[in-house]
Structures are given as structure tokens and as C-alpha cells.
Amino acid sequence: MLSLHDLLHQRIPGVPVTKLLVAVNLLVFAAMLAGGAGLWHSSNSVQLAWGANFGPATQDGEWWRLGSAMFLHFGAVHLTLNLWALWDAGQLVERMYGHGRFTCIYFASGLAGNLLSLVAHEGLAISGGASGAIFGVYGALLVFMWRERGNLHPRDFRWFFWGAAGFAAASLILGLLITGIDNAAHIGGFGAGVLSGTIFARPADVTEPLSRRFFRSRPLAGGVFALAIAILINQIPDRPYRWSEEVLARKEIGEFLRDDAAITRTWQNILDEGKRGGISFNELAGRIDSAVVDRYEESFEQLSQLPPNPALPSAPTVEMLRDYAERRMDASRALAEGLRAQKPEQIRDALEMAQQSRQMTQPGRGEAGKPSQETPADQRKPVR
């Protein structure tokens with residue numbers, strides 16, 4: 001009796017799909033490093049930009065994130081562990097099932113795992129990683145070994161079956177004990193792998209015809225898989241907000257902060273010019289109207305046109321900036337009016353109002369005095 005290793009190598013000498021999957025994961029990680037990701041830890045903004053699974057974004061028409069998240073990793077350790085497991089099991093399973101069936105098992109498991117993760121975390125966690133698909137590979141491996149246990153050398157069965165089962169069980173237990181591991185994706189991927197392995201089953205010796213048990217189990221596994229996906233789709237939670245609206249709000253916040261810095265410099269230049277003399281009060285007032293008042297009014301209107309959704313993580317920051325822009329606009333207008341009327345008291349009050357608006361403490365400001373754009377959901381980032 002040939003050993004399992006020899007039998008599989010005799011059937012399929014090469015494993016191009018496994019090699020391609022490893023290479024793609026490495027290339028994506030390298031591209032992310034070049035794009036600003038950290039070697040040991042990546043920021044949430046980088047993960048989201050590259051296609052991490054996140055409810056408000058995925059459910060906002062970006063369903064492709066269920067697939068793209070399979071190729072994202074949150075650091076070198078995360079990547080190394082996943083690719084080691086993929087290389088170790090992928091070579092076996094690709095030879096057990098063939099290139100095309102192995103590809104179907106891998107992607108079906110990864111997509112199902114990401115879908116279960118979306119449901120289990122209620123769309124409020126940023127997740128990514130290949131291990132949902134890898135758990136599916138291990139599930140398919142166990143199915144093959146169990147089906148062929150009577151045709152394999154007992155030593156091969158014990159080594160491969162119980163080794164794979166022990167690895168999967170230990171990983172799931174660690175997922176329960178260690179925070180930050182997306183066990184939902186692991187469980188979903190493993191279950192999909194078991195069902196996919198049953199659907200795509202074929203005997204170790206391809207010259208042998210399929211037995212009746214293969215034909216009986218395939219429709220059942222297919223029905224269970226389809227029912228499970230239908231149930232998960234039905235359980236997808238309502239999105240708390242639209243990610244496209246949050247992205248728009250963050251863009252407007254960034255533009256406002258840049259404009260505010262430029263307006264503040266212009267404001268100071270006008271005041272310095274007035275102190276040096278050589279320019280009339282009316283000219284100073286006209287410059288303040290055109291270079292300060294009008295620009296803050298435009299910024300206020302742009303912020304006011306954003307979707308009025310209080311559920312957006314950036315909503316408090318937008319409201320604070322609207323209030324700030326309005327205060328600066330009123331202070332600038334009052335200063336221009338005081339200069340035209342040549343009323344020192346009004347000028348002093350306007351300058352004091354402008355200073356207070358700059359120094360006011362508002363919710364959502366970070367330590368550096370800038371509004372924070374990190375969402376509560378950004379703090380939850382399961383990896384797998």
C-alpha cells in the first residue's frame with residue numbers, strides 16, 4: 001500500500017493554486033507596507049482602505065470586502081502564521097481534491113467565514129485575514145481523511161487526521177481565550193470547508209468509481225450549505241450608518257481643517273498689517289470680509305450640507321466644527337463692522353470672541369487640539 005504522501009504526489013505532482021495564494025497574500029502585504037501599513041501593526045484607516053470587512057462599508061454596496069478581507073493581514077506575525085498553515089495544509093488538500101475544487105473550497109470557506117463574522121459582530125468590527133479560508137481547507141482535509149480511512153495506512157490516518165483535528169481544535173480554543181481573534185470567521189470557514197469537502201469529494205484512487213455514499217452525501221451537504229448561507233444573509237444586521245456618508249464627512253473635516261489653518265494665517269497677517277499702519281480701517285474691514293468672513297461662511301455651508309445622520313461617528317466632530325465656523329464668522333463680521341464704525345470696544349470684543357473660539361474645548365478634540373476621526377468601531381479589530 002502506497003503511503004498517502006506518495007499517492008497524492010502520484011496523482012498531482014504540483015500545487016500551483018497553493019503557491020499562487022501564498023504569493024498573492026505576500027504581495028498584498030508588501031503593497032500595504034508601501035502604502036503606509038506598519039510591519040507589526042496596521043492602522044484601521046489602512047485596513048479599511050485596502051478592503052477590510054466592516055459592516056457599514058460592506059453593507060453600503062461594497063460586498064466585495066467579503067473577498068478582499070481574505071488577503072489582508074494586520075502584521076507580520078499574523079501573516080506568517082496564516083501562510084505557514086496555508087502552505088502546510090494547502091499542498092495536501094490541493095492534491096486531494098484537484099486544483100479547481102481546491103480553489104472552490106478555499107474561496108467558499110473564506111466568504112462564508114467573513115459572512116458569519118459580519119453577522120456575529122453585528123457589523124461593528126473591522127476584520128481581515130486568511131484563516132477563515134484556511135480553516136475551510138482543514139475542514140476539507142478532515143472530510144477526505146475520514147472518507148478514505150479504510151483505504152489508508154493506519155499510521156497515515158492517525159498522523160494526518162488527528163493532527164489536523166488537533167490543530168483546528170486548539171486554534172478554536174485559543175480564539176475563545178484570546179481577545180482580538182475572529183473565531184466567528186474560523187467557525188464559519190471550518191463548517192463551509194467540511195460541507196465543501198463533502199460536495200467536492202472524490203476517492204483517493206481516481207481510477208475507482210464513486211460509491212453510493214458519495215452520491216448520497218453530496219446533495220445533503222449542498223442543501224445544508226445553501227440553507228446556512230440563506231440563514232446568514234437573513235440575519236445580517238441593519239447597518240448603523242452608511243460608510244460612504246462617513247467617508248464624505250471625514251473628507252469635509254479634513255478640508256475644513258486645512259482651510260481653517262489657511263484662514264487663520266490670513267487673519268493674523270491682516271491684523272499685523274493693521275498694527276503697522278499705512279492702511280485704512282475700511283480697507284482692513286474689506287479684507288476681513290473677503291478673506292475671512294466669506295470663507296468661513298462657505299465652510300459653514302459645506303458642513304451644513306453633509307447628511308444629518310447622528311449615528312455617523314464623525315457627526316459630533318462635524319457639529320463642533322459647524323459651531324466653531326459660525327463663531328469665527330460672527331467674530332470676523334463683528335470685527336469688520338467695528339473697524340468701519342471705528343468703535344474700539346466692538347473691535348476689542350470681536351478679537352476676544354475670536355480668541356475664545358480658538359481656545360474653546362470641544363468634545364471630539366484630540367490631545368493636539370484637532371478633532372479625532374477614530375470611530376468607536378475602530379477599536380474593535382478581530383484578526384484571523
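Coordinates for the structure precede this section.
Residues numbered from 1 in each chain as written. Predicted model: local features only at pLDDT ≥ 70, side-chain atom pairs only at ≥ 80, totals over all residues. Heavy atoms only, no water.

A.B. asks: Which parts of the structure should I look at to understand the overall build of the protein?
C.D. replies: On a plain count of helices and strands, the protein comes out with 15 helices and zero strands. Within the span of the protein, comprising 384 residues, buried residues form 48% of the whole. Taking all contacts inside the protein whose residues are at least 6 apart in sequence as the whole, residues at least 24 apart take part in 80%. For the protein, the accessible surface area stands at approximately 18,800 Å², while carbon and sulfur atoms represent 60% of it. (Helix = DSSP H or I, 4+ residues; strand = E, 2+ residues; numbered from the N terminus. Buried < 20%, exposed > 50% of the residue type's maximum accessible area, 1.4 Å probe, protein only. Contact = heavy atoms within 4.5 Å. Areas by Shrake-Rupley, 256 points an atom, 1.4 Å probe, with all protein chains shown as cover.)

A.B. asks: Teacher, can you tell me more about the packing of aromatic side chains here?
C.D. replies: Geometry of an aromatic ring pair is reported as the spacing of the ring centres plus the angle between the planes. If you walk through the whole model with that rule in mind, you get eleven aromatic pairs. Taking 6.2 Å as the distance between ring centres and 45 degrees as the angle between the ring planes, the aromatic pair formed by Phe71 and Phe107 counts as tilted. Here Phe71, found in the loop between α5 (65-68) and α6 (76-97), pairs with Phe107, found in helix α7 (residues 99-120); they are 36 residues apart in sequence, far enough to count as distant. You can call Phe71 buried: its relative accessible area is 14%. By relative accessible area, Phe107 is classed as partly exposed at 30%. By the ring-pair criterion, three or more aromatic residues cluster together here, those being Phe71, Phe102, Tyr106 and Phe107. Across from the ring centre of Trp267, 5.1 Å away, lies the NZ or CZ of Arg328, which sits over that ring. (Phe/Tyr/Trp six-rings, centres within 6.5 Å; stacked < 30°, edge-to-face > 60°. Lys NZ or Arg CZ within 6 Å of the ring centre and 35° of its normal.)

A.B. asks: What exactly am I supposed to notice about the nonpolar core here?
C.D. replies: Soluble, globular proteins show a tendency: their nonpolar side chains are buried together. With 51 residues, the main nonpolar core has Met96, Tyr97, Tyr106, Leu141 and Met145 as its most contacted residues. In this structure, Phe256, Tyr296, Met320 and Leu335 belong to the second largest nonpolar core, which totals 31 residues. (Core = buried A, V, L, I, M, F, W, Y, C linked by side-chain atoms within 4.5 Å.)

A.B. asks: Quick question: what am I supposed to make of helix α12 (residues 243-276) here?
C.D. replies: Every α-helical turn comprises 3.6 residues, leaving residues that sit three or four positions apart pointing alike. If you check α12, its first and last C-alpha atoms are 50 Å apart, about what 34 residues at 1.5 Å a residue would give, namely 50 Å. Where α12 terminates, the next one or two residues include Gly277, which has phi positive at roughly 85 degrees. (Expected span 1.5 Å × (residues − 1).)

A.B. asks: Just to check I follow, could you spell out a negative patch on the surface for this structure?
C.D. replies: Taken together, Asp259, Asp294, Glu297, Glu298 and Glu301 make up a surface patch of like negative charges. The element that contributes the greatest number of residues to the negative patch is helix α13 (residues 281-304), accounting for four residues. Positionally, Asp294 belongs in helix α13. (Patch = residues over 30% accessible without salt bridge, like charges linked within 9 Å, V, L, I, M, F, W, Y side chains within 5 Å. Salt bridge = Lys/Arg side-chain N within 4 Å of Asp/Glu carboxyl O. Lys, Arg positive; Asp, Glu negative; His and termini not counted. Charge placed at Lys NZ, Arg CZ, Asp CG, Glu CD.)

A.B. asks: Explain helix α8 (residues 131-147) to me, please; I cannot follow it from the model alone.
C.D. replies: The terminal C-alpha atoms of α8 lie 24 Å apart, and with 17 residues this matches the ideal 24 Å at 1.5 Å per residue to within 8%. Counting buried positions along α8 gives 16 out of 17 residues, so the element sits mostly inside the fold.

A.B. asks: How do you make sense of the packing of α12 against α13 when you look at a structure like this?
C.D. replies: Helix-helix packing: each pair is described by the crossing angle between the helix axes and the interaxial distance. Relative to each other, α12 and α13 sit at 170 degrees, their axes nearing to 10 Å. Taken together, α12 and α13 sit at an angle that is classed as roughly antiparallel. Our pair here, α12 against α13, has a crossing hand that is left-handed. Listed contacts from α13 to Glu252, Phe256, Asp259, Asp260, Ala262, Ile263, Thr264, Thr266, Trp267, Ile270, Glu273 and Gly274 of α12 are Leu284, Arg287, Ile288, Ala291, Val292, Arg295, Tyr296, Ser299, Gln302 and Leu303. Among the residues forming the contact of α12 with α13, the class breakdown is eleven nonpolar, five polar and six charged. (Axes fitted to C-alpha atoms, helices over the stretch in contact; angles between N-to-C directions. Parallel < 35°, antiparallel > 145°, perpendicular 65-115°, else oblique. Left-handed = near helix turned anticlockwise from the far one by under 90°. Nonpolar A, V, L, I, M, F, W, Y, C, P; charged D, E, K, R; others polar.)

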